[in-house]
Amino acid sequence: THSCDTDGDGVPDTSDSCPGTAAGSKVNAGGCSGAQLVANSCPTSGSYKNHGAYVSCVAKASEDALNAGLLTSAEKDAIVSAAGQSSIGKK
């Protein structure tokens, strides 16, 4: 591993928007994996109109990450399923 890339994702720490990427993850030019992009786009602490709004956010962000080649279909489905089973956005 290069000393300037602590998480070993191929993006130097000085340019890495998502330090601590899991080993072997596909990342974008900013060093973010698909899962990290979804989490950044739809934070669990965000204020959502309702649960459906959170799940919709996750579904769209996951689809974008899939289209960018950062998630497999199975990974996307698992992320959206986990969002659906969460209580985020429920009053």
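Structure's up top.
Residues numbered from 1 in each chain as written. Predicted model: local features only at pLDDT ≥ 70, side-chain atom pairs only at ≥ 80, totals over all residues. Heavy atoms only, no water.

Q: Residue-level account of the packing of aromatic side chains, with values.
A: The way to describe two aromatic rings as a pair is by their centre distance and the angle between their planes. In total, this model carries 1 aromatic pair according to the counting rule given. Taking 5.1 Å as the distance between ring centres and 65° as the angle between the ring planes, the aromatic pair formed by Y48 and Y54 counts as edge-to-face. Comparing Y48 with Y54 shows no difference in burial state: the two are buried. (Phe/Tyr/Trp six-rings, centres within 6.5 Å; stacked < 30°, edge-to-face > 60°. Buried < 20%, exposed > 50% of the residue type's maximum accessible area, 1.4 Å probe, protein only.)

Q: Provide a residue-level description of the nonpolar core, including the pertinent values.
A: Judged by nonpolar contacts, V38, C42, Y48, Y54, V55, V58, A61, A83 and I88 together constitute the single largest core of 9 residues. With 4 residues, the top contributor of residues to this core is helix α2 (residues 51–67). The contact partners of C42, leaving out residues within four places of it in the chain, are Y48, Y54, C57, V58 and A61. (Core = buried A, V, L, I, M, F, W, Y, C linked by side-chain atoms within 4.5 Å. Helix = DSSP H or I, 4+ residues; strand = E, 2+ residues; numbered from the N terminus. Contact = heavy atoms within 4.5 Å.)

Q: Give me the side chain of T21: which residues, what numbers.
A: Looking at the secondary structure, you find T21 in the segment before α1 (34–41). There is a polar contact of 3.0 Å between the side chain of T21 and the backbone oxygen of G31. Engagement of the side chain of T21 in a polar contact is seen with the side chain of Q36, the distance being 3.1 Å. The contact partners of T21, leaving out residues within four places of it in the chain, are D7, D9, V27, G31, S33 and Q36. (Polar contact = N/O pair within 3.5 Å; in protein donor to acceptor, adjacent residues only side chain to side chain.)

Q: Now, about the state of the cysteines: what can you tell me, with residues and values included?
A: Going through the model one piece at a time under the given rule, you end up with 2 disulfides. With its sulfur 2.0 Å from that of its partner, C18 forms a disulfide with C32. With the S-S bond torsion at 85°, the cross-link from C18 to C32 turns out right-handed. Taken together, the residues C18 in the segment before α1 and C32 in the segment before α1 connect sequence positions 14 residues apart. (Disulfide = S-S within 2.5 Å.)

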